[in-house]
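Chain by chain, the residues run as shown.
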Amino acid sequence: QKEVEQDPGPLSVPEGAIVSLNCTYSNSAFQYFMWYRQYSRKGPELLMYTYSSGNKEDGRFTAQVDKSSKYISLFIRDSQPSDSATYLCAWGYYGNNRLAFGKGNQVVVIP
Amino acid sequence: GAGVSQSPSNKVTEKGKDVELRCDPISGHTALYWYRQSLGQGLEFLIYFQGNSAPDKSGLPSDRFSAERTGGSVSTLTIQRTQQEDSAVYLCASSSPRGLAGVNNEQFFGPGTRLTVL
C-alpha cells in the first residue's frame, strides 16, 4: 500500500465554486501535513501546513486533518481562475526530512 | 533573493546517452533533494543530501542514477545510458534548518528540468 493516496483525476469547477480535495495516508508516524500548489511548468510551492487534527484557515483556503481516519482535505472557497493548478498533499514526521507526496490533483477553475 | 535554480530547463537526448542535470539551491540551505515527476505519478523521491552527512540514496531507481553535491551547495544528478522510461521532469528542492517552526523541511522547489529520451 502506498504511503499516500490521492485521486489524481482532473477537477473542473466554475469560478466561485468550492473546491474540495482529499488524501488518505497509511503511515501512523506522520506528524505534520502539507499542501503544495504547482502551476504548469513550475515547481511546487508550499500552500499550507498543519500539525494537528482539525481545521486551519488561511484566507480562502482551509486545510482539514483527521488523524484518526488518516485523512486530510483542502478546501478552496470562492475559487478563482488563478487557483487553476495541481495540488499535492504531503506528509512528514519529526526527525526525518523526507516528505511523502500524493500524486496531485489538477484543478481547473473555469471563468 | 534567488530561489532554487535548475539547468537546463529542457533536455532532449537519445537513448543510451548520459545526461547531467544541475541544481543550485538557495544559499544557506543545508538540505537538498532530488525528485522525479512523471505524468500522473506524483513526486518520486530520488536522493537527499543533508550537510556533510552521507546522502540518502534509497530512492534512486537503478545504478544508472547517481548524484553528488559539491561544497555543500550545487548538486548534479547524472543519468547514465538513458532509457525512454527516464523521460520525466526532474525537480530539485532545498530546505533550511531554520524553516517552519519546529519543522525543518519546508522544501523550496526549482522549476525542474524536463528530460525527454528519444
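In this numbering scheme, every chain counts its residues from 1 along its sequence in written order. Chain A is the first chain written and ligand 1 is the first ligand written, with later ones labelled in order. With pLDDT at 70 or above as the cut-off, local features in this predicted model cover only qualifying residues; side-chain atom pairs require 80 or more to be listed or tallied, and sums for whole chains, interfaces and linings still use all residues. Just so you know, side-chain values use all the structure's heavy atoms and leave hydrogens and water out.

A.B. asks: Run through the overall build of chain A, naming residues and quoting values.
C.D. replies: Only runs of H or I of at least four residues qualify as helices and only runs of E of at least two qualify as strands under DSSP, and these elements are numbered from the N terminus. Along the backbone of chain A there are 0 helices and 11 strands. Scanning chain A from its N terminus toward the C terminus, one meets helices and strands in the order β-β-β-β-β-β-β-β-β-β-β. Only the C-alpha atoms count toward the radius of gyration. The rule for a globule is 2.2 Å times the residue count to the power 0.38. For 111 residues, the compact-globule estimate of 2.2 N^0.38 gives 13 Å, and the C-alpha radius of gyration of chain A, at 13 Å, lies within 12% of that figure. For chain A, buried positions account for 42% of its 111 residues. Across chain A, the fraction of contacts at a sequence separation of at least 24, relative to all contacts at a separation of at least 6, is 55%. By the counting scheme adopted, Arg and Lys are positive, Glu and Asp are negative, and His together with the chain ends is not counted. Where a charge sits is defined by one atom per residue type, namely NZ (Lys), CZ (Arg), CG (Asp) or CD (Glu). In chain A, 11 positive and 10 negative side-chain charges are present, and the distance between their average locations comes to 7 Å. Only protein chains enter the accessibility calculation, which uses a 1.4 Å probe; a residue is then buried when its area is under 20% of its type maximum, exposed when over 50%, and partly exposed in between. For this analysis, residues touch if any pair of their heavy atoms sits within 4.5 Å.

A.B. asks: Outline the pattern of salt bridges, listing residues and values.
C.D. replies: Residue and element names in this part refer to chain B. For this analysis, a salt bridge means a side-chain nitrogen from Lys or Arg found within 4 Å of a carboxyl oxygen belonging to Asp or Glu. If you walk through the whole model with that rule in mind, you get 6 salt bridges over all chains. Across the pair Arg22 and Asp24 runs a salt bridge, and its minimum N-O distance is 2.8 Å. Between Glu44 and Arg36 there is a salt bridge; the shortest N-O distance is 3.0 Å. On the basis of relative accessibility, which here comes to 31%, the residue Glu44 falls in the partly exposed class. Among the residues examined, Arg36 registers a relative accessible area of 10% and is labelled buried.

A.B. asks: How would you sum up the packing of aromatic side chains? Please name residues and give values.
C.D. replies: Any two of the Phe, Tyr and Trp rings considered here, Trp counted by its six-membered ring, make a pair once their centres fall within 6.5 Å; the pair's planes then place it as stacked at under 30 degrees, edge-to-face at over 60, or tilted in between. Going through the model one piece at a time under the given rule, you end up with 12 aromatic pairs over all chains. Taking 6.3 Å as the distance between ring centres and 90 degrees as the angle between the ring planes, the aromatic pair formed by A:Phe33 and A:Trp91 counts as edge-to-face. Taken together, the residues A:Phe33 in strand S4 (residues 32-38) and A:Trp91 in strand S9 (residues 85-93) connect sequence positions 58 residues apart. Judged by relative accessible area, A:Phe33 falls into the buried class, the value being 2%. Taken together, a centroid distance of 5.6 Å and an interplanar angle of 40 degrees make the contact between B:Tyr35 and B:Phe109 tilted. Here B:Tyr35, found in strand S4 (residues 31-38), pairs with B:Phe109, found in strand S9 (residues 108-109); they are 74 residues apart in sequence, far enough to count as distant.

A.B. asks: Please set out the nonpolar core residue by residue, giving values where relevant.
C.D. replies: We call a set of buried residues a nonpolar core when its members are Ala, Val, Leu, Ile, Met, Phe, Trp, Tyr or Cys and they connect through side-chain atoms within 4.5 Å of each other. Of all hydrophobic cores here, the largest spans 24 residues; its most connected members are A:Trp35, A:Ile72, A:Leu74, A:Tyr87 and A:Trp91. Secondary-structure elements contributing two or more residues to this core are strand S3 (19-25), S4, strand S5 (45-50), strand S7 (61-66), strand S8 (71-76), S9 and strand S11 (105-110) of chain A. Ignoring any residue separated from it by four or fewer positions in sequence, one finds A:Trp91 in contact with A:Val4, A:Cys23, A:Thr24, A:Tyr25, A:Phe30, A:Tyr32, A:Phe33, A:Ile72, A:Arg98, A:Leu99 and A:Ala100. B:Ile26, B:Leu32, B:Trp34 and B:Leu60 belong to the second-largest nonpolar core, a separate cluster that totals 20 residues.

A.B. asks: How would you summarise the sheet that holds S8(A) if you had to cite specific residues and measurements?
C.D. replies: Pairing between sheet strands relies on hydrogen bonds along the backbone, with the strands arranged either parallel or antiparallel. Residues and elements named next belong to chain A. Within the open sheet, the 5 strands sit side by side as S1-S3-S8-S7-S6. Their pairing is antiparallel. Of all strands in the sheet, those bounded by a partner on one side alone are strand S1 (4-5) and strand S6 (54-58). Pairing of S6 with S7 involves 5 bridges; the strand directions are antiparallel. For Asn55, the partnering residue across the bridge sits in S7 and is Gln64. Two strands qualify as a pair provided DSSP detects at least 2 bridges between them.

A.B. asks: Provide a residue-level description of the interface of chain A and chain B, including the pertinent values.
C.D. replies: Contacts between the two partners involve 20 residues from chain A and, on the opposite side, 27 residues from chain B. Roughly 1800 Å² of surface becomes buried between chain A and chain B when both sides are summed, with 52% attributable to carbon and sulfur atoms. Here chain A and chain B share 0 salt bridges between them. Each polar contact in these results corresponds to two N or O atoms within 3.5 Å; when the atoms are within protein, one needs to be able to donate a hydrogen and the other to accept it, and residues that are neighboring in sequence are counted only if both atoms are side-chain atoms. The tally of links from chain A across to chain B stands at 2 residue pairs in polar contact (both at pLDDT 80 or more). Listing elements by their share of the side of chain A that touches chain B, those giving two or more residues are S4, S5 and strand S10 (96-101) of chain A. Buried area, as used here, totals the accessible surface that two parts lose on assembly, with accessibility defined by a 1.4 Å probe and the loss added over both.

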